[in-house]
Amino acid sequence: MAQQGRVTAVLGPTNTGKTHLAIERMLGHRTGVIGLPLRLLAREVYDKIVAARGPSVVALVTGEERILPPRAQYWVCTVEAMPEGMGCDFLAVDEIQLCTDPERGHVFTDRLLRARGLHETMFLGSDSMRGVIADLIPEAQFIRRERMSTLSYSGSRKISRMQPRSAIVSFSVDNLYAIAELMKRQKGGAAVVMGALSPRTRNAQVALYQNGDVDFLVATDAIGMGLNLDIDHVAFAGTNKFDGRRMRDLMPNELAQIAGRAGRGMSHGTFGVTGEARPLDQPVAEAIMEHRFAPVRKLVWRNSDLRFGHVDALIDSLEQPTSDERLVKAREADDLLALKSLTREAEVRARASDAKSVRLLWDVCRVPDFRGISHNEHASLLEAIFTHLHERGSIPNDWFLRQVKRIDRTDGNIDTLSKRVAFIRTWTYVAQRNGWIDDENYWRDETRAVEDRLSDALHARLTEKFVDRRTSVLLRRLKQKEALLAEVNENGDVTVEGEFVGRLEGFRFQADKSAEGAEAKTLRQASLAALAPQFHLRADRFYNAPDTEIDFTEQGGLMWGEYAVGKLVAGPEPLKPSVDVFVDDEAGPDVAQKVQRRLQHFIDRKIAALFEPLLNLSRDEELSGLARGFAFQMAEALGVIPRGDVAEDVKALDQDARGALRKHGIRFGQFTIFMPLMLKPAPTRLRLVLWSLSKGLSEFPEAPPPGLVTVPAGEGAPQGYHAMAGYRAAGERAIRIDMLERLADMLRTEDSRGGFEANPDMLSITGMTLDQFADLMKGLGYNAERGERPKVKPEATDETPAEGAPAAEAAEPAAEADTASEVEATEEAPAAEVEVFYSFTWGGRGARQTNRGGQNQKPRRDGGAPKGRRQGKPGGKPGGKPRQDKAKSFQSRPPKKEKAIDPDNPFAALMALKEKS
């Protein structure tokens, strides 16, 4: 054991500043080397020393990274990569308690026993190493460092209730991913730190946490090795792990190494458990808090005095036992397993025939199994590398390029990219070996560039998968109680602090639908807090908006452009509806009142404009008596009343009262009493809404399309719907009430007892076919008798030739045809055309009918058409001829023959005298 200079062991718990002390001591010497347990930690220390002394004097040497400036004075290395025999002034090894690690402990033990600085050597680690170091290095001096802050146990806590600035530690990658996904949904996300990450990816993830983009860290035990993070609480999601051979519980000192990450500097920290991890036993928790652990008795050791004369001699030297009771032989490591596997191959054994070849084989076997696929796969790769090096002296560029090119892809998910990062680490390690490949500098840069690209892609996937930047940003700003800046574009899209959070639809905020659970709750909370000023600005703009920007729907909704801002509700009177507004509670009562007032002004003005004739009628103080009462009924009925509903009231009105009502535009029709101005599309649309409100309908019927004389009557229409729509149901269709009154005027001139047929004017005014008109007449209380008769064509005159023939041809006789042709033409002559006709008569006293709208029409007492004048002569005799000043009834059937006068008739002589005179 070579001993040079002073040897100091700086021991104590975490957060004592041991590493910081070593860096200061090293910079106090001209040259120095510091060995660190992780590549990640080596990079962190390298960056600190470069910041203090500049990059030209600082070297970084790890298995996969080598930065060697020509005038390097300070070397930052992983423990395995520490150079030997360089004679530096200062040498330090951090986390020296890893001498007990089953996998790597023999490397740390070797550095403890053999690595020395010329002037000063420093070992940093747990106080549990004091006894064994004193036994092995009697001249060592000890410095005890006390923790700068307290560490206390807080028990078990749910992940959903985890405090900010917490680290959740898991020893299973699958479990780690699941926790990170849960943290994204409930807390906005978490940074992910694993030992398998490249320094570039790890630093990017740590930056998310350190910068406050996320408040949580999900990590493996990699954070226990000297990574200095601002952590307030460490929660163990498990307390056992797979150590490469078996699942085992972590020792108290191992738990303490991780728990000690909580509380940096003078800030106190806590630790506990979460998830399915059972609470720590009280003695274990107390040991961690008081930093009391069982002293280390034995260190893992492997012989470092190797013999390279023959492969078997090398294996024997590696398996040589120790006689020191303080040392325990290391278990078979990966490099020894690979050596044994390769030496079983005849070709490899034949090539390793001299000391140089055996040394080369051992160097190849020490390439770490970053890929972790299988032992055989790793051995096969090492055999290919050894064969190339032994045959050619270097690895062929084209073969090396193919290996790297296969990996240089940034597509795929987290697992795929993680595997590629592990694969490229193998080739980065190979490229760092001196003399293994031509143009080493090029390949070192190339493999490093590939690793950087994969690292960036992996960081992006981790962030995309486990970090919701939007929620994390909003949570942080809410926690800081700062005013959030919200913006709303012309489409209603809402961004808070630059992050899309949802849409503002009128005065209601709709959070982004992609957010769920706790994330959606956080999103809404932050968004509404930021939207408070926007609600007031929007309310002011809405209050000053013209009525043309506001409208109502046929279901009673109130719209501002494309946004629903309220709805109509029934008021004390049909013409005085109230308004319910759609305004988020968070907008405040002032906004809600302003929106409510504006909507009430709108609907009041809309009713005043569209129902002006009706409102004037209801306010006419000159009306009195029955006329005033009838005006009140018209207002209650919104300007349309089936006559059958108020027949007695109409009958009671005298001519003066009717005249006063007619001045307001009221028409007393045969079927309906209405105001023609109220039948226009706009008043009709609003009337249906107001009527539906007053009836308490859950679904409002829609108005028929404007301009149609008849529409299908439909099934299941609410009682009174057709009247409110301006129609009267009759049969399968409903006819517009103003056109129905025009039809009634035509029907008054017809013989409704003797029977009449529809004339072209009747069909034209209704726009119906003859069959449809017959169904309509049945619905109005008429009988419709269907008949058929030969169709009579107009006779052609001498001046008018037959249709389709010239005059000369029409006049030519058919004498040229022979007799047989005449007979044949007679037999083939088409049958006479038949036409369908209907004869309409009034249905009589039993013809009271109920139409689809639920309106009853009483027949006249004299059996004639309802509510019309008597048909025929003023005397009212049935069968009398119509008045000559009225429109005539056109019929296409031939006139009936008059019967001969009965000579026995007593009036016959009188008639004869009259004819003579």
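Further up the page is the structure itself.
*Asks:* Now, about unusual backbone geometry: what can you tell me, with residues and values included?
*Replies:* Here the phi dihedral of Asp-439 falls at roughly 55 degrees; this positive angle occurs in a residue that is not glycine. Take Asp-439: it is sitting in the loop between helix H15 (414–432) and helix H16 (440–466). Positioned with a positive phi, Leu-638 is a non-glycine residue whose angle comes to about 60 degrees. The residue Leu-638 is located in the loop between helix H21 (625–636) and strand S27 (640–642) in this model. With a relative accessible area of 1%, Leu-638 lands in the buried category.

*Asks:* Explain the packing of helix H12 (residues 355–365) against helix H13 (residues 375–392) to me, using residue names and the numbers behind them.
*Replies:* Contact geometry for H12 and H13: axes closest at 10 Å, N-to-C directions at 145 degrees. Viewed along their axes, H12 and H13 form a crossing whose handedness is right-handed. Of the residues in H13, those touching H12 at Ser-357, Leu-360, Leu-361, Val-364 and Cys-365 are Leu-382, Ile-385, Phe-386, Leu-389 and His-390. A class-by-class count of the residues in the contact of H12 with H13 yields eight nonpolar, two polar and no charged.

*Asks:* Residue-level account of the packing of aromatic side chains, with values.
*Replies:* Given two aromatic rings, their pairing is described by the distance between the two centres and the angle made by the two planes. Counting across every chain of the model gives 16 aromatic pairs. Between Tyr-442 and Trp-443, the ring centres sit 5.0 Å apart and the planes meet at 75 degrees, which makes this aromatic pair edge-to-face. Relative to Phe-542, the ring of Phe-507 lies with its centre 5.7 Å away and its plane at 70 degrees, an arrangement referred to as edge-to-face. With a gap of 35 residues between them, Phe-507 in the loop between strand S21 (499–505) and strand S22 (508–511) and Phe-542 in helix H18 (residues 517–543) connect regions that are remote in the sequence.

*Asks:* Go over the nonpolar core, please, and point to the residues and values.
*Replies:* Buried together is how nonpolar side chains tend to be arranged in soluble globular proteins. By size, the foremost hydrophobic cluster in this structure holds 71 residues, and its most contacted members are Phe-507, Phe-611, Leu-617, Phe-630, Met-634 and Leu-661. Those residues in contact with Met-634 that lie beyond four places of it in its chain are Leu-614, Leu-617, Gly-639, Val-640, Ile-641, Ile-666, Ile-673, Phe-674 and Met-675. Counting 64 residues, the second-largest nonpolar core is a separate cluster that includes Tyr-177, Met-183, Leu-336 and Leu-454.

*Asks:* Any chance you could break down the pattern of salt bridges for me, citing the residues and the numbers?
*Replies:* Scanning the entire structure with this criterion turns up 50 salt bridges. With its nearest N and O atoms 2.3 Å apart, the salt bridge here joins Arg-425 to Glu-64. One end of the pair, Arg-425, is in helix H15; the other, Glu-64, is in the loop between strand S3 (58–61) and strand S4 (66–67), with 361 residues separating them in the sequence. As far as burial versus exposure is concerned, Arg-425 and Glu-64 are alike and both buried. Two residues, Arg-104 and Glu-80, come together in a salt bridge whose shortest N-O distance is 2.9 Å. Within this pair, whereas Arg-104 is found in the loop between strand S6 (90–93) and helix H3 (105–114), its partner Glu-80 is found in the loop between strand S5 (74–78) and S6, the two being separated by 24 residues in sequence. Since its relative accessible area comes to 35%, Glu-80 is described here as partly exposed.

*Asks:* Now, about the sheet that holds strand S28 (residues 667–668): what can you tell me, with residues and values included?
*Replies:* Overall, antiparallel pairing links the three strands, which are arranged S27-S29-S28 in an open sheet. Taken across any chain shown, the strands that pair with only one partner, and hence form the sheet edges, are S27 and S28. Strand contacts of helix H26 (residues 737–747): S27, S28 and strand S29 (672–674), with the helix running at about 125 degrees to S29, the strand carrying the most contacts.

*Asks:* I'd like to hear about the pairing of strand S32 (residues 733–736), residue by residue, with values.
*Replies:* As paired elements, strand S30 (residues 710–712) and S32 share three bridges and run antiparallel to each other. Looking at the pairing, Thr-710 lines up with Ile-735 of S32. Strand direction decides the pairing type here: strand S31 (residues 727–730) and S32, joined by four bridges, are antiparallel. Of the residues in S32, the one forming a bridge with Tyr-727 is Arg-736.

*Asks:* So what's going on with the pairing of strand S25 (residues 563–573)? Residues and values would help.
*Replies:* By the bridge criterion, four bridges tie strand S24 (residues 557–560) to S25 in an arrangement that is antiparallel. Within the sheet, the bridge partner assigned to Leu-558 lies in S25 and is Gly-566. Adjacent in sequence and paired antiparallel, S25 and strand S26 (residues 576–581) are bridged by two residues.

*Asks:* Describe the sheet that holds strand S16 (residues 269–273), with residues and values.
*Replies:* Pairing between the strands of a sheet is mediated by backbone hydrogen bonds and can be parallel or antiparallel. Here we have six strands laid out as an open sheet, ordered S9-S16-S13-S10-S12-S11, and parallel in their pairing. Every interior strand has two partners, whereas the edge strands, strand S9 (151–156) and strand S11 (191–193), have only one. Each strand axis lies, on average, 20 degrees off the axis of its neighbour in the sheet, ignoring direction. Here four bridges tie strand S10 (residues 166–169) to strand S12 (residues 216–219), and the two strands are oriented parallel to one another. Each residue of the ladder has a partner; that of Ser-166, found in S12, is Phe-216. Across the face of the sheet, helix H7 (residues 252–259) comes into contact with S9, S10, strand S13 (233–236) and S16 while running at roughly 140 degrees to S13. The sheet strands contacting helix H8 (residues 282–290) are S9 and S16, and the helix crosses S9 at an angle near 150 degrees.

Here is what the cut-offs are and how they apply
- Residues numbered from 1 in each chain as written.
- Predicted model: local features only at pLDDT ≥ 70, side-chain atom pairs only at ≥ 80, totals over all residues.
- Heavy atoms only, no water.
- Helix = DSSP H or I, 4+ residues; strand = E, 2+ residues; numbered from the N terminus.
- Buried < 20%, exposed > 50% of the residue type's maximum accessible area, 1.4 Å probe, protein only.
- Axes fitted to C-alpha atoms, helices over the stretch in contact; angles between N-to-C directions.
- Left-handed = near helix turned anticlockwise from the far one by under 90°.
- Contact = heavy atoms within 4.5 Å.
- Nonpolar A, V, L, I, M, F, W, Y, C, P; charged D, E, K, R; others polar.
- Phe/Tyr/Trp six-rings, centres within 6.5 Å; stacked < 30°, edge-to-face > 60°.
- Core = buried A, V, L, I, M, F, W, Y, C linked by side-chain atoms within 4.5 Å.
- Salt bridge = Lys/Arg side-chain N within 4 Å of Asp/Glu carboxyl O.
- Pairing = 2+ DSSP bridges.

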